[in-house]
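# Structural overview
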Amino acid sequence: MDPEPLKSLPEKWSKAVAIVAHPDDMEFGAAAAVARWTGQGKEVVYVMVTSGEAGIDGMHPDECRRVREAEEIESARIVGVETVEFLGLPDGIVEYGVPLRRTLAEVIRRHRPDIVLTGNFRDSFGPGALNQADHIAVGRAVLDAARDAGNRWVFRELLDQGLEPWNGVKAVLAAGSPQATHGVDVTDTLAKGVESLKAHDAYLSGLGQQMDPEEFLESFARMTGSRLGCPFAVSFEVFALQLF
Ligand SMILES: [Zn+2]
């Protein structure tokens, strides 16, 4: 079965907020697209729902949190992202629900982005590659929160904090979805994406398996590029909230 061709992702926007479950979620693919966008002068902010503190078997979460936050700040810097926020929810047991939607709606009202990025939140990444519970909970809540942020009468307590509704989100983009519809040419910025993944040195070492960041990201980007018609690309599933 030939993979479906991808459409070129619209780039007439100026600010994105990326909301993902863990440090490293952006770096396993989407960061190369972020490097392209910041290079165009767009502003991208990263928001980590957890600090990935349960991600390294041989390291206590208290130490792991410090290490992984530092690695994420560095990998963000490499792709031109200056602001990284950590919401501090517990890694591995993030629950989809109203409290998470409220937390993320608050983030979206505060930053007022045109685009919200997140990771794939389908059940799998493709045949035989199950997705992870936090990714699914966060992605679903991100999509809901992008709309909640625009409704004055949902989460009225946010008004008391001085956060007016924000109706400006054009689309939520989920990176690496098996149902991707759009692609971004990252031929010129893939190297920055690789460098940003390499910044997760403690995490990658902790995985205890030989994974070459360059080979890993290149092989995916090459396959995606063949669907977009360029050497290297990153894919996104687009959930349009407005004409996009
Ligand atoms: Zn993750």
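A brief structural summary.

Thresholds applied
Residues numbered from 1 in each chain as written. Predicted model: local features only at pLDDT ≥ 70, side-chain atom pairs only at ≥ 80, totals over all residues. Heavy atoms only, no water. Helix = DSSP H or I, 4+ residues; strand = E, 2+ residues; numbered from the N terminus. Rg over C-alpha atoms; globule rule 2.2 N^0.38 Å. Buried < 20%, exposed > 50% of the residue type's maximum accessible area, 1.4 Å probe, protein only. Contact = heavy atoms within 4.5 Å. Expected span 1.5 Å × (residues − 1). Arc of directions from axis to C-beta. Donors = N, O, S within 2.8 Å, 3.2 Å for Na, K, Ca; no water. Pairing = 2+ DSSP bridges. Core = buried A, V, L, I, M, F, W, Y, C linked by side-chain atoms within 4.5 Å.

## Examining the overall build of the protein chain
Counting its regular elements, the protein chain contains eight helices and eight strands. Computed over its C-alpha atoms, the radius of gyration of the protein chain comes to 17 Å, within 12% of the 18 Å expected for a compact globule of 244 residues. Taken along the three principal axes of its C-alpha coordinates, the protein chain extends 50 × 45 × 35 Å. For the protein chain, buried positions account for 51% of its 244 residues. Partitioning the contacts of the protein chain with sequence separation of at least 6, the portion at a separation of at least 24 is 81%.

## Observations regarding helix H2 (residues 61-78)
Every α-helical turn comprises 3.6 residues, leaving residues that sit three or four positions apart pointing alike. For H2, with 18 residues, the first-to-last C-alpha span of 25 Å sits near the 26 Å given by 1.5 Å per residue. Along H2, the residues that are buried comprise Cys64, Val67, Arg68, Glu71, Glu72, Ser75, Ala76 and Ile78. One side of H2 carries all its buried residues, which in axial view fall inside an arc of 165 degrees. Residues of H2 that are exposed and point more than 90 degrees away from the buried face comprise Arg66 and Arg77. Turning to H2, the residues buried within the fold contact strand S3 (43-48), strand S4 (84-86), helix H6 (190-198) and helix H7 (201-206). Directly after H2, the chain includes glycine 80, whose backbone phi takes a positive value near 85 degrees.

## Considerations on the coordination of the zinc ion
Four donors placed tetrahedrally about a metal ideally form angles of 109.5 degrees, and six donors placed octahedrally ideally form angles of 90 or 180 degrees. The zinc ion binds to the protein through His22 (ND1), Asp25 (OD) and His135 (NE2), with metal-donor distances spanning 2.0 to 2.1 Å. We note that the donor set of the zinc ion lies within a single chain, spaced as H-x2-D-x109-H. Taken together, the positions of histidine 22 in the loop between strand S2 (15-20) and helix H1 (31-39) and histidine 135 in helix H4 (residues 133-148) put the pair 113 residues apart, joining distant regions of the chain. Exposure remark for histidine 22: the relative accessible area of 8% places this residue in the buried category. The exposure class assigned to histidine 135 is buried, which follows from its relative accessible area of 18%.

## Quick notes on the pairing of strand S8 (residues 233-240)
Along any regular strand the residues' side chains alternate between the sheet's two faces. Within S8, seven of the eight residues are buried, which leaves it mostly tucked inside the rest of the structure. Of the pairings in the sheet, the one linking strand S6 (residues 171-175) to S8 comprises five bridges and is antiparallel in character. Bridged to alanine 175 within S8 is phenylalanine 236.

## Concerning the nonpolar core
Counting residues in each nonpolar core, the largest one holds 42 residues, and the members touching the most others are Val34, Trp37, Tyr46, Leu117, Leu173 and Phe236. A total of six residues in this core trace back to one element, the largest contributor, which is H1. Excluding residues that lie within four positions of it along the chain, valine 34 makes contacts with Met26, Val44, Tyr46, Val79, Val81 and Leu117. Membership of the second largest hydrophobic core comes to 30 residues, among which are Ala21, Ala105, Val107 and Val169.

The values reported here are purely geometric and, on their own, carry no functional implication.
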